[in-house]
Amino acid sequence: MVAILGQGIADTILALRLLERGIEFTILDDGHLSSSSMVAAGLWNPIVFRRINKSWMADEFIGELESFYPRMEAVLGAEFYKPRPIWRIHGSKQELDKWFEKNDLSGFRPYLYNPPPQLKSTFGQEPEFGEGEVRHAGYLDIPVFLKAARKSFSEKGCFCKAELSETPSHHELAHAVGRTDGFTKIIDCRGNQSAKSSWWSYLPFGLTKGEVLTLKCPHLSLDRTFNAGFFLLPLGHHLFRLGATFSWKDKTTAPTESGKKELLDKFEKYFSVKYEVVDHKAGIRPTVQDRRPLMGRHPIDHKIYLFNGLGTKGVMLAPYLSMHFIEWLYDDGELSPEINIKRFENHLGEKNPTINYPHP
């Protein structure tokens, strides 16, 4: 029996993979809706705009997510997969030149598109440096996805609501679900909570706060995700998700007036429409020093595993990486060195992980 700690994006996708393979598991989650997964906009985007480059392993990630999420909609009986192009306003002449340069390369052609003039929208005048469109992008309706999955897991008896300590003992986990024989594998997917556990004290987790707003704009018509150094995501019913801020100092999950002002200033630079702020949320993203996920086995307690560090791209990365992770666990596959936590073994002498568990 496998224990999965947490039920955010990564945890849920990993559990669905186990379900497909008929592997027994139990999810242990506190049920709090303040996790980064519930705050995240759920966007996926194969292009990094700063340099007009493809995101790391974009072809593999996009190919798998475009298969996985529609399949899960059928499995869970819910609609949460929303393919939608991104309308990019170029920020400089250099970016525009780079866009056209990459647009001529075969590897970029599925993703970069230059809309003809009649398809372009304007703000009363053409953007100074032009605009373009990114295809094979979209967003996942995360609340719908997580709630549908939780309902399915609960009906199958593999979900347990449990308040766990930061570093739970084997006994604590077994006691939480009423087991006497414990678990064969414990997979920690708790996002920013994993960074606080002494299990992973040697790993270079970084925690980044992000804030998003939900606006009601009755007179704004937008059928694509807008991006101009911020994003505006149409949700339907005149609602739009506006984000996101990045803060490396504030580690609280409380929304701030400064974050709200930053986002509204950006919005008002491009849109002169009446709006109402109907929601304001903040969350902590689990990021990593080298911008690669953290996955692998604990160096001391070999029953404990980590599936974490997907940062702001969890929706895009998790379908492919969950498949890769499970093939490593059960099919004698190789875990990519780029994501394997063994790459930080040289940190072990500086700050050792511990298995001195607290009392349950």
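### Focus: the overall build of the chain
Next up, step 1: On a plain count of helices and strands, the chain comes out with 8 helices and 19 strands.
Next up, step 2: For a compact globule of 360 residues, the expected C-alpha radius of gyration is about 21 Å, and the chain comes in at 21 Å, within 12% of that figure.
Next up, step 3: Principal-axis analysis of the C-alpha atoms gives the chain an extent of 70 × 45 × 40 Å.
Next up, step 4: A burial count over the chain gives 51% of its 360 residues as buried.
Next up, step 5: Counted over contacts in the chain with a minimum sequence separation of 6, partners at least 24 positions apart contribute 74%.
Next up, step 6: Total accessible area on the chain stands at roughly 16,900 Å², and carbon and sulfur atoms take up 50% of it.
Next up, step 7: Taking the 45 positively charged and 44 negatively charged side chains of the chain as two groups, their mean positions are separated by 3 Å.

### Let's talk about the sheet that holds strand β14 (residues 225–227)
Next up, step 1: Spatially, the 8 strands line up as an open sheet ordered β8-β9-β7-β14-β15-β16-β13-β17, and their pairing is mixed. Looking at which strands have only one partner, the edges of the open sheet turn out to be β8 (112–113) and β17 (276–288).
Next up, step 2: Running over the sheet, helix α7 (residues 257–270) touches β7 (86–89), β13 (205–216), β14, β15 (231–236), β16 (239–243) and β17 and is turned about 55° from β13.

### Digging into the nonpolar core
Next up, step 1: Grouped together as the largest cluster of nonpolar side chains are 59 residues, with contacts concentrated most on F25, Y69, F80, F153, I187, F307 and F325.
Next up, step 2: Among the secondary structure elements, those contributing two or more residues to this core are β1 (2–5), α1 (9–21), β2 (25–29), α3 (58–76), α5 (142–155), β19 (304–308) and α8 (314–330).
Next up, step 3: Take this core: its biggest share by element is 8 residues, from α8.
Next up, step 4: Apart from the residues within four sequence positions on either side, I187 is in contact with V2, A3, I4, L5, L14, Y305, F307, F325 and L329.
Next up, step 5: Core analysis: the second largest hydrophobic core is formed by 19 residues, C160, W200, L203 and F344 among them.

### Comments concerning the pattern of salt bridges
Next up, step 1: Considering all chains together, one arrives at 21 salt bridges under this definition.
Next up, step 2: Among the salt bridges present, the one from E133 reaches R135, with a minimum N-O distance of 3.2 Å.
Next up, step 3: D250 is the partner of K209 in a salt bridge, and the nearest nitrogen-oxygen pair spans 2.7 Å. Here K209 is found in strand β13, whereas its partner D250 is found in the loop between β16 and α7, with 41 residues between them in sequence.
Next up, step 4: Taking the relative accessible area as the measure of exposure, K209 reaches 1% and is therefore buried.
Next up, step 5: Three or more residues joined by partner-sharing salt bridges are found here, namely R17, E20, E64 and R71.

### Observations regarding the confidence of the model for the chain
Where the model shows low pLDDT, its predicted coordinates should not be examined in detail.
Next up, step 1: When the pLDDT values of the chain are averaged, the result is 90; 92% of them are 70 or greater.
Next up, step 2: Predicted confidence in the chain is weakest over helix α2 (residues 36–39), with a mean pLDDT of 65, and strongest over α3, with 98.

### Describing the packing of aromatic side chains
Next up, step 1: One pass over the structure, following the stated rule, counts 21 aromatic pairs.
Next up, step 2: Seen from their ring centres, W44 and Y69 are 6.5 Å apart, and the 20° between their planes marks the pair as stacked. Pair noted here: W44 is in strand β3 (residues 43–44) and Y69 is in helix α3, with a separation of 25 residues, a long-range link.
Next up, step 3: Owing to a relative accessible area of 0%, Y69 belongs among the buried residues under this scheme.
Next up, step 4: On the numbers, 6.4 Å between centres and 80° between planes, the contact of W199 with W200 is edge-to-face. The same class applies to W199 and to W200, which are both buried.
Next up, step 5: A network of ring pairs unites the aromatic residues W87, F226, F230, F267, Y270, F271 and Y275 as a single cluster.
Next up, step 6: Sitting over the ring of F108, K54 keeps its end group 5.8 Å from the ring centre.
Next up, step 7: Taking the ring centre of Y113 as reference, the NZ or CZ of R135 above it sits at 3.7 Å.

Conventions and cut-offs
- Residues numbered from 1 in each chain as written.
- Predicted model: local features only at pLDDT ≥ 70, side-chain atom pairs only at ≥ 80, totals over all residues.
- Heavy atoms only, no water.
- Helix = DSSP H or I, 4+ residues; strand = E, 2+ residues; numbered from the N terminus.
- Rg over C-alpha atoms; globule rule 2.2 N^0.38 Å.
- Buried < 20%, exposed > 50% of the residue type's maximum accessible area, 1.4 Å probe, protein only.
- Contact = heavy atoms within 4.5 Å.
- Areas by Shrake-Rupley, 256 points an atom, 1.4 Å probe, with all protein chains shown as cover.
- Lys, Arg positive; Asp, Glu negative; His and termini not counted.
- Charge placed at Lys NZ, Arg CZ, Asp CG, Glu CD.
- Pairing = 2+ DSSP bridges.
- Axes fitted to C-alpha atoms, helices over the stretch in contact; angles between N-to-C directions.
- Core = buried A, V, L, I, M, F, W, Y, C linked by side-chain atoms within 4.5 Å.
- Salt bridge = Lys/Arg side-chain N within 4 Å of Asp/Glu carboxyl O.
- pLDDT = per-residue confidence, 0-100.
- Phe/Tyr/Trp six-rings, centres within 6.5 Å; stacked < 30°, edge-to-face > 60°.
- Lys NZ or Arg CZ within 6 Å of the ring centre and 35° of its normal.

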